[in-house]
Every structure is written in C-alpha cells, then in structure tokens.
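The residues making up each chain are set out below.
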Amino acid sequence: MSRLIVVSNRVNLSRDTGAGAVGGLAAAIAAALRERPGIWFGWSGETTPQYTGQIAMERIGEVTVARVDLEEQDVEEYYNGYANKTLWPLFHNRIDLTAYERPFDAGYARVNRRFAEALAPLIAPDDLIWVHDYHLAPLARELRALGVKNRIGFFLHIPWPARQLLTTLPGHRKLVEALFHYDLIGFQTEDHLTAVTDYLAHEIGAAPISATGEVEAFGLRTQLGVFPIGIEAPDFRDGSRSPLGEESFQRMRESQAGRKMVLGVDRLDYSKGLEERFLSYEQFLAAHEEQREKVFLLQIATLSRDSVEAYQELRGRLDAIAGRVNGAYGTVDWVPLRYINSGYRQDELAGIYRAAHVGLVTPLRDGMNLVAKEYVAAQDPEDPGVLILSRFAGAAAQMGSALIVNPYDRDDVAAAIQRALSMGYAERRKRWERLMETVARDDVSAWRTRFVDALGAPRRPRPRLANDAA
Ligand code: ADQ
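Source: prediction; values computed, not measured.

Colleague: Sorry if this is basic, but what is going on with the pattern of salt bridges here?
Modeller: Between side chains of opposite charge, a pair can form when the charged atoms approach closely. Taken as a whole, this structure holds 30 salt bridges when the rule is applied. Between Lys174 and Asp105 there is a salt bridge; the shortest N-O distance is 3.6 Å. Of this pair, Lys174 sits in helix H6 (residues 172-179) while Asp105 sits in helix H3 (residues 102-119), placing them 69 residues apart in sequence. Exposure remark for Asp105: the relative accessible area of 14% places this residue in the buried category. Among the salt bridges present, the one from Arg315 reaches Asp306, with a minimum N-O distance of 3.3 Å. Exposure remark for Arg315: the relative accessible area of 27% places this residue in the partly exposed category. Where salt bridges share partners, they join Glu71, Asp74, Glu77, Arg110 and Arg114 into one cluster.

Listed below in structure tokens is the structure:
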C-alpha cells in the first residue's frame, strides 16, 4: 500500500490531547494516517526569528507528524495576510473585507515554496500526497518544480466563489493555473464545482473533457470532483453519553430550568452569520411574547483569528447586540441570550448538543459546516432536537430534512425558530431519522476513502510540461 502524505497549514495534533479533541479535520486526517502509513506535514503554529526549514518529526500515537516553524513575517503575510485577509473573505463573498496587498502575495508564494522544499526530501516515489485548503493552492506547482512526479490531490474545505467575484482578485488566473498542477481537486458541493467550471469556461476557455471531471488548461490536465466531508458520527453519539458528555448534558438540563434551549456553536467568524442570527433571535422575541422566559439562545463562539481587525470588530458588534437583547428582554431570573467565547472538549460539546432542543446553524456562506452534522449525531434518538440550517451551508445540499432558512431574512429565521420549538414529536423524529441516515452514511471515512481512492486510481499520465524538472 502506498504511503499517504497529508499536508495542511497547521498540524494541530498534540501528545496531550490526542486525535479526538482537536476538531473534525485533525481527527479525520489522523484516522486516515492510522489506516495507512504516512506523514502529516505542516506548520507547527510556532514562530522562529529566522526560517531554518528544520523539520521536527514526532510520532503521536500511530501518526507521524512533521512540522516546521515559520517566521513572524511569514505568519503576517501568508497566514494572516493572503490566506485570511485575501482568500478567506473573497471565497466567502466578502469582497468588502478582501484586502489585497503585494507583500501578502509574496509571502504566500514564499511559504508555499518553503513548504515544498522542506517536504520534497521526505517523499518516496509511490507516495500519494493530499494537500488541504486554500492556504496551499500553489504547493503542487512548487513540488513539481522540484521534480516531484507523485499523484498530488487538493481538497478545498471552503466554497469556491462565483466567477464575477473571483475575477476581482489580482492574479486570479495565476492562482487557478497553480491548481492545475494537482492531479485531483476536490470540492464540498456541486455548486462549488459548477462555479469552478463556469470560471474555466468563461475565463480560460476550458471545459471538462470526460465524465469523470477531467479538464485541460494551461497545457496541464487535472480532474475535478465533489467530495462532501462528513464527521465521525459515533464519536458524537457515544460522546454525548460518555461520562463527560453526560455530565455536561445534566448540567445544561439543570441550568435550563424547564426552558427550551436554542444552540449555536461556531468559530467567531463573519461567515458564520452570528450577527444576523442574534438579530433574527431578537426579532423572534419581539414577535412571540408568549415565548419569552420559556426559551433562551446559547451561543458558543470560540475566538478565532483574533489578530485580524475584521474579527475584532465583529466581536465588538456581537457583544453590543447580546447586551442590547439581554437589557431589553431579560428578567431577574432569565437571560434570553447566553453568549460565551469558550472552547469545549468534544465529549462535553456532544453533551451540550444533546441538551439543545434546537440547533441553529445559519452561516451566510460555508464550505460544509460540521456543526450541523455533529448536532444531529449527538441527539437522543428517542427525543431528538430540530436542526435549523442555512441554505448557504454546503451541508444543506445533503440535509434537506432540516428546516432550511435564508439567514439574511430575519422573519424567515424567527419563524423557523417558532416552528422548531412547537414541532410535534412525530415530525421531529422523522426529520431527525432522515438527517441521521445521511450523517451516518456519508461520514468522514466515506469522504476520505472516496478521495484517496480517486487520487490513487489509474489514469492517463499528466501532459509533460515545459517547467517540469527533468
Ligand atoms: P470551520 O469554518 O472551522 O471549517 P465547521 O465545519 O463548522 O467550520 O467546523 C468547526 C469545528 O470546530 C467543528 O468540528 C466544531 O465542533 C468545532 N468547534 C466550534 N466551536 C467550538 C467550541 N466552542 N469548542 C469546541 N469545538 C468547537 C472549515 C470550513 C467548513 C468545513 C470544515 C471542514 O469553513 O465549511 O465544514 O472546514 O471541511
């Protein structure tokens, strides 16, 4: 069996927490690397005064990780800059927040080159290489320039923007051309794939040449496909019943004091629609006097990218809305909007999911959204809660049995909250069963297996390139 080399911006697996407690993607990658031998390569999250390219190899459980430190300037230009101030907002339809600065571009190219130079010596001829996310779009091009001929796949966890938005990016063509050095490019949904093919058709004049999504452009051939990511469903089902899950479930139930709980769990990010969600909830309270004191919204929003200004500003606005709602509607013994910024261990979170009568997942734009799936997986099958899901989450394509809403429409979201709270048992259960079927079937192993199998499948050789090393 060929080895699997996984590359992502961060390698956030630690000896202390193991694979389970560090988020969905880390758990998925760690599981893939337990199934077959390989290495997980990426940034350590640490900075060093001067980049050395020195790799720290470590064995964590059954997984070998290889990490490099970056310079402050790399972090500023590549990570905070091009990745999180340019590509992230643009790919989430926020051209108003998209900052394009030359040093960002240079830093992005530099770190991708550094990653390639550090990684190349670790690669054996038969290895499959799987690169994750928008931080590393040019990595295959850099590896090819160093003579790496292995199969290299790329999975984009975030949406692909509409052509009209992508073309606002200086150098958009260069970015897309770099992707063609991959053998396989995976997207979360058909919608994202359609946006890519639309760009290729109109900007490059390229169209798929086979039913399996092969496409040629820039003298290169790649394959495009849809691979919706899933979760390790039993982890959330069992986690909600584990000692820690049970404890957090009981704690939540006690603190509910007979009230119904609507739950939001997100990274604090403008793509998650938190502001709009708070305003919709405010609208719900205004429209449904009879529900006041009978319900509350618990919003858990872990701080994220806190050094980026747009995130600091959002945080300030959320604090203000939460304060206003609680000031206007709260009573001495009822806080209508409980808003906290802490992070929780997976089992603890599973217990909180189980205690929630309604899961409110309303991103304005999201590649997939794993929280929607985790919420469903953690429910008590005998007494499941109701999922309200934004039509703009990639997950909506698979989870049509949720109450699907437009997160920009406060009336729509407020009406869905009311409907979820008053839904009868039979409907609630039927909807949950349908959702659970998808979550259990299209899980993270299915995602990983489909992608790695497609990457390893025999195919026509790549066309030779002028700039390929001999
Ligand atoms: P994210 O934008 O991070 O991921 P999401 O898919 O919701 O969004 O995943 C968030 C993860 O963080 C979940 O596993 C959740 O349990 C965890 N999490 C959130 N808040 C937490 C808290 N307070 N404590 C503990 N854990 C918390 C990106 C894309 C998504 C895509 C994923 C995977 O933006 O669209 O679904 O990658 O491809």
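Colleague: Can you walk me through the pairing of strand S3 (residues 56-60) in this structure?
Modeller: Two faces belong to every sheet, and in a regular strand the side chains alternate between them. Pairing geometry for S3 and strand S4 (residues 63-70), over five bridges, is antiparallel. Bridged to Arg59 within S4 is Thr64. The turn linking S3 back onto S4 is made up of two residues, and Gly61 within it adopts a positive phi angle of 60°.

Colleague: It is not clear to me how the packing of helix H9 (residues 243-256) against helix H12 (residues 346-355) should be interpreted in this structure. Could you clarify?
Modeller: When two helices pack together, their arrangement is given by the angle between their axes and by how far apart the axes lie. The contact between H9 and H12 brings their axes to 7 Å, and the two run at 40°. Taken together, the axes of H9 and H12 lie oblique to each other. For the element pair H9 and H12, the recorded crossing hand is right-handed. Contacts from Leu244, Gly245, Glu246, Ser248, Phe249, Met252, Arg253 and Gln256 in H9 reach Asp347, Glu348, Gly351, Ile352, Arg354 and Ala355 in H12.

Colleague: I tried to follow H6 on my own but got confused; where do I start?
Modeller: Note on helix geometry: an α-helix contains 3.6 residues per turn, so any two residues three or four positions apart are oriented the same way. Regarding H6, the residues found buried are His172, Leu175, Val176, Ala178 and Leu179. Down the axis of H6, the buried side of the element spans an arc of 155°, and every buried residue falls inside it.

Colleague: Is there a simple way to think about the sheet that holds strand S8 (residues 214-217) in this case?
Modeller: Sheets are built from strands that pair by backbone hydrogen bonding, the pairs being arranged parallel or antiparallel. The strand order across the open sheet built from nine strands is S3-S4-S2-S1-S5-S6-S7-S9-S8, with neighbouring strands paired in mixed fashion. Unpaired on one side and paired on the other, S3 and S8 mark the two borders of the sheet. The average undirected angle you get between the axes of adjacent strands in this sheet is 25°. Relative to strand S9 (residues 220-226), helix H7 (residues 190-204) is tilted by about 150°, and along the sheet it contacts strand S7 (184-187), S8 and S9. With respect to the sheet, helix H16 (residues 444-456) is in contact with strand S1 (4-10), strand S5 (128-132), strand S6 (152-155), S7 and S9, its orientation differing from that of S5 by roughly 130°.

Colleague: I keep staring at the site of the ligand and nothing clicks. Help me out?
Modeller: In the vicinity of the ligand lie 23 residues, with His157, Asp366, Met368, Leu370 and Glu374 positioned nearest. Between the ligand and the protein, one listed contact pairs an oxygen atom with a side-chain N or O atom of Asp366 at 2.5 Å. A distance of 2.9 Å is found between an oxygen atom of the ligand and a backbone nitrogen or oxygen belonging to Asn369. Looking at the shell around the ligand, the elements with two or more residues in it are strand S10 (260-267), strand S11 (295-302), H12 and helix H13 (370-377). Each of two domains, domain 1 (4-230 + 446-456) and domain 2 (233-441), supplies a minimum of three residues to the shell around the ligand.

Colleague: So what exactly am I meant to see when it comes to the domain arrangement of the protein chain here?
Modeller: Interfaces are often sized by the accessible area lost when the parts come together. Per the domain assignment, the segments of the protein chain are domain 1 (4-230 + 446-456) and domain 2 (233-441). Between domain 1 and domain 2, the residue contacts involve 26 residues of the former and 20 residues of the latter. When residues of domain 1 are sorted by the area they lose upon contact with domain 2, Trp88, His92 and Ile229 head the list and together hold 24% of the total. Linking domain 1 with domain 2 are zero salt bridges, by the criterion used here. On inspection of domain 1 and its partner domain 2, the count reaches seven residue pairs in polar contact (both at pLDDT 80 or more). With six residues, helix H2 (residues 72-91) is the single largest residue contributor to the side of domain 1 that touches domain 2. Residues belonging to the side of domain 1 that touches domain 2 are distributed by class as follows: 13 nonpolar, 11 polar and two charged.

The rules behind each value
- Residues numbered from 1 in each chain as written.
- Predicted model: local features only at pLDDT ≥ 70, side-chain atom pairs only at ≥ 80, totals over all residues.
- Heavy atoms only, no water.
- Salt bridge = Lys/Arg side-chain N within 4 Å of Asp/Glu carboxyl O.
- Helix = DSSP H or I, 4+ residues; strand = E, 2+ residues; numbered from the N terminus.
- Buried < 20%, exposed > 50% of the residue type's maximum accessible area, 1.4 Å probe, protein only.
- Pairing = 2+ DSSP bridges.
- Axes fitted to C-alpha atoms, helices over the stretch in contact; angles between N-to-C directions.
- Parallel < 35°, antiparallel > 145°, perpendicular 65-115°, else oblique.
- Left-handed = near helix turned anticlockwise from the far one by under 90°.
- Contact = heavy atoms within 4.5 Å.
- Arc of directions from axis to C-beta.
- Near = heavy atom within 4 Å.
- Polar contact = N/O pair within 3.5 Å; in protein donor to acceptor, adjacent residues only side chain to side chain.
- Domains from an automatic or database assignment.
- Buried area = accessible area lost by both parts, 1.4 Å probe.
- Nonpolar A, V, L, I, M, F, W, Y, C, P; charged D, E, K, R; others polar.

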